[in-house]
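Commentary on secondary and tertiary structure
Spelled out, the chains give:
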Amino acid sequence: MSQPILEVNHLSKRFRGLLAVNDLSFHVNKGEILGVIGPNGAGKSTTFNLITGVYSPDTGEVKLNGQNITGLSPNEICKKGLSRTFQVTRPFGDMTVLQNVMVGAFLNTPNPRRAEQQALEMVEFVGLGDKKHAVARTLSIIDQRRLEFARSLATEPALLLLDEALAGLNAMEVEEAIELIWKVKDAGVTLVVIEHVMKVINTISNRVVVLNFGAKLAEGVPKEVMNNSAVIEAYLGKGFAQHA
Ligand SMILES: Nc1ncnc2c1ncn2[C@@H]1O[C@H](COP(=O)(O)OP(=O)(O)OP(=O)(O)O)[C@@H](O)[C@H]1O
């Protein structure tokens, strides 16, 4: 088997008394979509923040293509090919769609013309071509999500982490966003997806990792994981049935 694109080994992070991530290990294979699920407060976003250099872990290491990236800054990690979107989108509201995406492109090139060309390609790729000169804060929620994708993709990631990229979308928009995720995957990008809607996880993930109280509760193909009694118990009373 080829080397995983991402390896997370024995990662832990404590916030004062709270162990938010607890001796967590998992890997991501090249070309797959890995779903990460778990009840509220399970440690999903903290795990993303540890992987992307926003936080330093107390213990453990993160390897990208076999290279230890633990402790590097978010910028350095992004330059190595690992990008992410945020749970709450953070566009530069007064800038245009194209200018926002150029911010991502500038990470890889200091050349404005090259950055603009790359940003234009990404804006088209996500379906915002006709809105490239729109001011970001005027976009609908689905278009803000598209913009967030374009901005991340402009950094040319090999691995993209999506933190609840579908939150706040209606059923039709969720379908559109899933189409976009497939398209990103088909373009050769590996994805790790935090998502609360089980139907989405079932549809798009090759494998799923379940977190609970910061630790790994289960791992496997979606069907197996959804039928795992420990997983069902972790979700009981937290709306699992209504999402499933
Ligand atoms: N910067 C921080 N300082 C203190 N506690 C934090 C911090 N970030 C997260 N936590 C706590 O760590 C735990 C894990 O939070 P995290 O946001 O990683 O969970 P999550 O699984 O992403 O939750 P959700 O699904 O609600 O987004 C929570 O109890 C949270 O309150």
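For clarity, every value in this text was computed on a predicted model and none was experimentally measured.

Definitions and cut-offs
Residues numbered from 1 in each chain as written. Predicted model: local features only at pLDDT ≥ 70, side-chain atom pairs only at ≥ 80, totals over all residues. Heavy atoms only, no water. pLDDT = per-residue confidence, 0-100. Pairing = 2+ DSSP bridges. Helix = DSSP H or I, 4+ residues; strand = E, 2+ residues; numbered from the N terminus. Expected span 1.5 Å × (residues − 1). Buried < 20%, exposed > 50% of the residue type's maximum accessible area, 1.4 Å probe, protein only. Arc of directions from axis to C-beta. Contact = heavy atoms within 4.5 Å. Polar contact = N/O pair within 3.5 Å; in protein donor to acceptor, adjacent residues only side chain to side chain. Salt bridge = Lys/Arg side-chain N within 4 Å of Asp/Glu carboxyl O.

1. Focus on the confidence of the model for the protein chain
- Looking at the protein chain, the pLDDT average stands at 91 and 95% of residues meet or exceed 70.
- Scoring of the predicted complex yields 0.91 for pTM and 0.96 for ipTM.

2. Considerations on the sheet that holds strand S2 (residues 18-28)
- Taken in spatial order, the four strands make up an open sheet running S2-S1-S4-S5, and their pairing is antiparallel. Strands at the two margins of the open sheet, each flanked by one partner only, are S2 and strand S5 (67-68).
- Relative to strand S4 (residues 59-64), strand S1 (residues 6-15) runs antiparallel, the two being bridged by five bridges. Looking across to S4, one finds that Leu-6 is bridged to Leu-64.

3. Comments concerning helix H4 (residues 112-125)
- Taking 1.5 Å per residue, 14 residues should reach 20 Å; H4 reaches 20 Å between its end C-alpha atoms and fits that length.
- Residues of H4 that are buried include every one of Ala-115, Gln-118, Ala-119, Met-122 and Val-123, and no others. The arc that holds every buried residue of H4, seen down its axis, measures 140°, which confines them to one face.
- The inward-facing, buried residues of H4 contact helix H3 (97-105) and helix H5 (141-153).
- One side-chain oxygen of the residue at the start of H4 lies 2.8 Å from the amide nitrogen of Arg-113, identifying that residue as Asn-111.
- Immediately beyond the C-terminal end of H4, within one or two residues, lies Gly-127, with a positive phi of roughly 90°.

4. Here's the deal with the pattern of salt bridges
- Scanning all chains against the criterion turns up ten salt bridges.
- Between Glu-148 and Arg-151 there is a salt bridge whose closest N-O contact spans 3.3 Å. Here the residue Glu-148 and the residue Arg-151 both occupy positions in helix H5, the gap between them amounting to three residues, near one helical turn.
- The class of Arg-151 is buried, set by a relative accessible area of 14%.
- For Glu-219, the salt bridge identified is with Lys-216, shortest N-O distance 2.7 Å.
- Residue Lys-216 is classed as partly exposed on the basis of its relative accessible area, which comes to 35%.

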